[in-house]
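# Analysis of the macromolecular model
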Amino acid sequence: MVSRINRQIVLVRRPVGMVDESCFAEVEGEIPTPGDGQALIRVLCVAIDPAIRGWIDERGSGYLPALKLGEPVRANGIGVVLETRSERLPVGALVTCLTGWQEYSIACGDFSDLTKFASPLPEGCSAVDGATVLGQGAVTAYAGVVRAAPPVAGETYLVSAAASGVGSLVVQLARLEGARVIGIAGSPEKCRWVVEELGAEACIDYKRENVDARLKALCPKGVNVFFDNVGGELLDVVLRRIAHRGRIVLCGSLSTDNAAEPHRLRNYDRLMSRRASMVGLNVIDHWDLFPEALKRIGGWLASGTLVYRSQVVDGLEHAPNALVRLYEGDHLGKLVIRVAGSPLG
Ligand SMILES: NC(=O)c1ccc[n+]([C@@H]2O[C@H](COP(=O)([O-])OP(=O)(O)OC[C@H]3O[C@@H](n4cnc5c(N)ncnc54)[C@H](OP(=O)(O)O)[C@@H]3O)[C@@H](O)[C@H]2O)c1
């Protein structure tokens, strides 16, 4: 039965520097009514994505409007359709969209509003999988490897935040294409996982090792592809080691998401001297790959060709703490909040 209250977590203060829990507050809102072409969904899961930090920042993310104070925190999630005025979103369908940190949300079936656009999940996909390994991060990793920087057999493919949701998939997809993959991650445990289970040739612990020295030893001919989730100082280090005609994919900026000032690159001139290129990746531009990415990644997961880890935290109220934990890096596996129990899990 539909409750009459919509429990929400809203933004009450913009973070300055590192995000903390005092930026958010729990409130009781109203359950919205779907308009033409829209559906009301019950939110089952929300992913704790680094994108949230950009959306709540004063500067905004540059591709979606900055969240206003008092609005529910924007977040990717999975919901089940309760009421519908959209042919694309039938009652009972499980959909992925920007549900936000709330119990009920409005979704629409077309691109008229990117902040509400919903895609139905394939048959048999669970809510947790839809928010993690078969979520927008999977499409990002797939688009990165298929379109932005396809791996070449034998070439060196370096991946930062290699134990993250996106990074762990990129490591494996590039390895499947025959590239020699090297990861960068933040603990011995994560590095072990990246090598032993994801199949990278090596993984550099950027918190404990000298990344430049390790790259010099591991990549004497330079880095052919750098799939970068981190930006900042690490990107500067890799720019010094980029190979002739190397390619860099800017996928994320984890190291500077919480910085008061943007990092100023010192070594970008290596792009010129090495005839290298750097390209930005935004999953929104590659949403046409959603069915193909989910079908192929889902198949590889089922056959054991790919592995993935997620950590489910029960209760919407834990979302702010989970966002802080994301940047502490003390977890192995993509963080996801279960907002409501569901037989689909
Ligand atoms: N461009 C797009 O369209 C798009 C779409 C989705 C995701 N992304 C990007 O993909 C990347 C991974 O996202 P995800 O959702 O897969 O992440 P995730 O699974 O939540 O992983 C987060 C990990 O990031 C690392 N990290 C946190 N703070 C860091 C810092 N200051 N410096 C370096 N690493 C840090 C931590 O691992 P360590 O312990 O290894 O530091 C942490 O465990 C992010 O950069 C995200 O913005 C981009």
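Reading guide: rules and limits
All residue numbers refer to position in the chain's written sequence, counted from 1. With pLDDT at 70 or above as the cut-off, local features in this predicted model cover only qualifying residues; side-chain atom pairs require 80 or more to be listed or tallied, and sums for whole chains, interfaces and linings still use all residues. By the criteria applied, helices consist of DSSP H or I runs no shorter than four residues and strands consist of E runs no shorter than two, each listed in order from the N terminus. C-alpha atoms define the radius of gyration, and 2.2 Å times the number of residues to the power 0.38 defines the globule rule. Using C-beta atoms placed from the backbone, we call a residue buried if 20 or more other C-beta atoms fall within 10 Å of its own, exposed if 12 or fewer do, and partly exposed for counts in between. Any pair of residues counts as being in contact when their C-beta atoms, constructed from backbone geometry, are within 7 Å of one another. Here, nearness means that the C-beta atom of a residue, built from backbone geometry, sits within 6 Å of the molecule or strand in question. Residue ranges assigned to each domain were obtained from an automatic or database domain assignment. Side-chain classes follow a simple rule in which Ala, Val, Leu, Ile, Met, Phe, Trp, Tyr, Cys and Pro form the nonpolar group, Asp, Glu, Lys and Arg form the charged group, and the remainder, Gly included, forms the polar group. Residues of type Ala, Val, Leu, Ile, Met, Phe, Trp, Tyr and Cys that are buried and joined through C-beta atoms within 7 Å form what is called a nonpolar core. By definition, two strands form a pair when at least two bridges between them are found by DSSP. Here an axis means a line fitted to C-alpha atoms, over the contact stretch when the element is a helix, while the angle between two N-to-C directions is reported on a 0 to 180 degree scale. Think of the arc as the fan of directions from the helix axis to the C-beta atoms.

## Focus: the overall build of the protein
Looking only at helices and strands, the protein features 10 helices and 15 strands. Rg of the C-alpha trace for the protein: 20 Å, near the compact-globule value of 20 Å for 345 residues, within the 12% margin. Out of the 345 residues belonging to the protein, those deemed buried represent 46%. Pairs at least 24 apart in sequence give 66% of the contacts found in the protein among residues at least 6 apart.

## Some thoughts on the site of the ligand
Taken together, 31 residues form the shell around the ligand, and within it Ser-164, Gly-165, Gly-186, Gly-252 and Gly-329 come nearest. Both domain 1 (5–132 + 308–338) and domain 2 (136–284) contribute no fewer than three residues apiece to the shell around the ligand.

## Digging into the domain arrangement of the protein
When cut into domains, the protein gives domain 1 (5–132 + 308–338) and domain 2 (136–284). Once you take the C-alpha centre of each, domain 1 and domain 2 turn out to be 28 Å apart. On the domain 2 side, the residues contacting the 16 residues of domain 1 number 15 residues. Taken together, the residues that form the side of domain 1 that touches domain 2 break down as nine nonpolar, five polar and two charged.

## Details of the nonpolar core
With 59 residues, the main nonpolar core has Ala-138, Ala-162, Val-170 and Val-194 as its most contacted residues. A total of seven residues in this core trace back to one element, the largest contributor, which is helix H3 (residues 136–148). One finds Ala-39, Val-73, Val-95 and Leu-323 within the second-largest nonpolar core, a separate group that totals 46 residues.

## Focus on the sheet that holds strand E11 (residues 223–228)
One open sheet holds the six strands; their spatial order is E10-E9-E8-E11-E12-E13, and the pairing between them is parallel. Two strands lie at the open edges of the sheet, namely strand E10 (202–205) and strand E13 (277–280), each paired on one side alone. Taking the axes of each pair of neighbouring strands and ignoring which way they run, one obtains an average angle of 15° across the sheet. Inspection of the sheet shows E11 paired to strand E12 (residues 242–250) by five bridges, in the parallel sense. Across the sheet, residue Val-225 finds its bridge partner in E12, namely Arg-247.

## What about the environment of Val-225?
Looking at where Val-225 falls in the secondary structure, it is placed in strand E11. Measuring from C-alpha to C-alpha, the distance between Val-225 and Ser-277 comes to 9.7 Å, with 52 residues separating the pair along the chain. Excluding anything up to four places from it in sequence, Val-225 contacts Ala-149, Pro-151, Glu-155, Tyr-157, Leu-158, Gly-246 and Arg-247.

## Brief notes about helix H10 (residues 319–328)
For H10, the full list of buried residues reads Ala-319, Pro-320, Leu-323 and Leu-326. Down the axis of H10, the buried set is contained in an arc of 110°. They therefore lie on one face.

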